[in-house]
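Given next are the chains, with one letter for each unit.
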Amino acid sequence: MLLVEDEKGVANFIKKGLEEELYTIDHAENADDGLSFVAANQYDLIILDIMLPGMNGLDLCKEIRKKGIQSPVMMLTARDSIDDKVMGLDSGADDYLTKPFSFEEFLARVRALLRRKQDKLTELTYGSLKIDTLAHRAFADGTEVMLRPKEYAILVYLLRNRGRVLSRTQILENVWGYDFNPNTNIVDVHIKALREKLDEVNILNLIRSVRGVGYMIDS
Ligand code: CA
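Residues numbered from 1 in each chain as written. Predicted model: local features only at pLDDT ≥ 70, side-chain atom pairs only at ≥ 80, totals over all residues. Heavy atoms only, no water.

Draft legend 1. Unusual backbone geometry, seen in detail. With omega at -5°, the peptide bond leading from Lys-99 into Pro-100 counts as cis. Structurally, the position occupied by Pro-100 is in the loop between β5 (95–98) and α5 (103–116). Backbone geometry at Leu-22 places phi at a positive 75°, although glycine is not the residue there. Mapped onto the fold, Leu-22 is located in the loop between α1 (8–20) and β2 (26–28). Of the residues examined, Leu-22 reaches a relative accessible area of 41% and is grouped as partly exposed. (Helix = DSSP H or I, 4+ residues; strand = E, 2+ residues; numbered from the N terminus. Buried < 20%, exposed > 50% of the residue type's maximum accessible area, 1.4 Å probe, protein only.)

Set out below in structure tokens:
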């Protein structure tokens, strides 16, 4: 998910809460950075604060829609007038939440938006492997594969990009976020663990190493 919010306290509250629910969040503090993120990634959900420095969240939402990006958008604002709600929805947002809000309500709306997406991305299948991307669970012939959050995120990222070689840096940026030391071997460690778990359920050689480049799942 992408969160565009300039207030550090609110941003941390949302990011931390969503990460505890095993979602992966990119955070931008302004519209320009938000646009760079949406140009580089496909998001399941985009959360926009309306009051941002520079371009506001309403205009940012219009820009995102103008680029043909279909991800669900939730607007956040401190204002609570009918006009703002109408403007938010007219700008192409799918839902609108007034601050302050409870995290429970926020989370319920996040889930509803992800469900409403009714996109084929909510279920990923590959051979005997089936991923429920709403529940964040993986199954092999109906048996759950118990993955840790980062292992799950790597598997989904590779599956969604099947047929493409993904570099360690791309995997790091997508799964861990943007401020990671590129010299770490954390990707290899997680891929190794992931392969072992897939081997246990007889999904063999799913993730291929491409020497000197990275990893891939064949299309
Ligand atoms: Ca703000």
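And the narrative resumes.
Draft legend 2. Here's a closer look at the domain arrangement of the protein. What the domain assignment reports for the protein is domain 1 (2–116) and domain 2 (123–216). Taking only C-alpha atoms into account, the centre of domain 1 sits 27 Å from that of domain 2. With nine residues of domain 1 at the contact, the number on the domain 2 side is eight residues. Interface area, domain 1 with domain 2, both sides summed: about 740 Å², of which 54% is carbon and sulfur. Between the two partners, domain 1 and domain 2, sit one salt bridge. (Domains from an automatic or database assignment. Contact = heavy atoms within 4.5 Å. Buried area = accessible area lost by both parts, 1.4 Å probe. Salt bridge = Lys/Arg side-chain N within 4 Å of Asp/Glu carboxyl O.)

Draft legend 3. How the structure looks around the coordination of the calcium ion. Around the calcium ion, the donor atoms from the protein are Asp-6 (OD), Glu-7 (OE), Asp-49 (OD) and Met-51 (O), and they sit 2.1 to 3.0 Å away. One chain supplies every donor to the calcium ion, and in sequence these donors are spaced D-E-x41-D-x1-M. Of this pair, Asp-6 sits in the loop between β1 (2–4) and α1 while Asp-49 is found in strand β3 (residues 46–49), placing the two residues 43 residues apart along the sequence. Residue class for Asp-49 comes out buried when judged on its relative accessible area of 1%. (Donors = N, O, S within 2.8 Å, 3.2 Å for Na, K, Ca; no water.)

Draft legend 4. Spotlight on the packing of aromatic side chains. In the structure shown here, the tally under the stated rule is four aromatic pairs. Look at Phe-13 and Phe-103: their rings are 5.6 Å apart centre to centre, the planes differ by 80°, and that puts the pair in the edge-to-face class. Of this pair, Phe-13 sits in helix α1 while Phe-103 sits in helix α5, placing them 90 residues apart in sequence. Looking at Phe-13, the relative accessible area reads 40%, which means it is partly exposed. Taking the centre distance of 5.5 Å and the plane angle of 45° together, the rings of Phe-103 and Phe-106 count as tilted. Placement of the pair is Phe-103 and Phe-106 together in helix α5, with a separation of three residues, close to one helical turn. When sorted by exposure, Phe-103 lands in the same class as Phe-106, which is buried. (Phe/Tyr/Trp six-rings, centres within 6.5 Å; stacked < 30°, edge-to-face > 60°.)

Draft legend 5. Here's a closer look at the packing of helix α2 (residues 31–40) against helix α3 (residues 57–66). Their axes nearest at 10 Å, the elements α2 and α3 cross at an angle of 20°. When the axes of α2 and α3 are compared, the pair comes out roughly parallel. Note on packing geometry: the crossing formed by α2 with α3 is right-handed. Contact residues: Ala-31, Leu-35 and Val-38 in α2; Leu-60, Glu-63 and Ile-64 in α3. When grouped by side-chain class, the residues that make up the contact of α2 with α3 number five nonpolar, no polar and one charged. (Axes fitted to C-alpha atoms, helices over the stretch in contact; angles between N-to-C directions. Parallel < 35°, antiparallel > 145°, perpendicular 65-115°, else oblique. Left-handed = near helix turned anticlockwise from the far one by under 90°. Nonpolar A, V, L, I, M, F, W, Y, C, P; charged D, E, K, R; others polar.)

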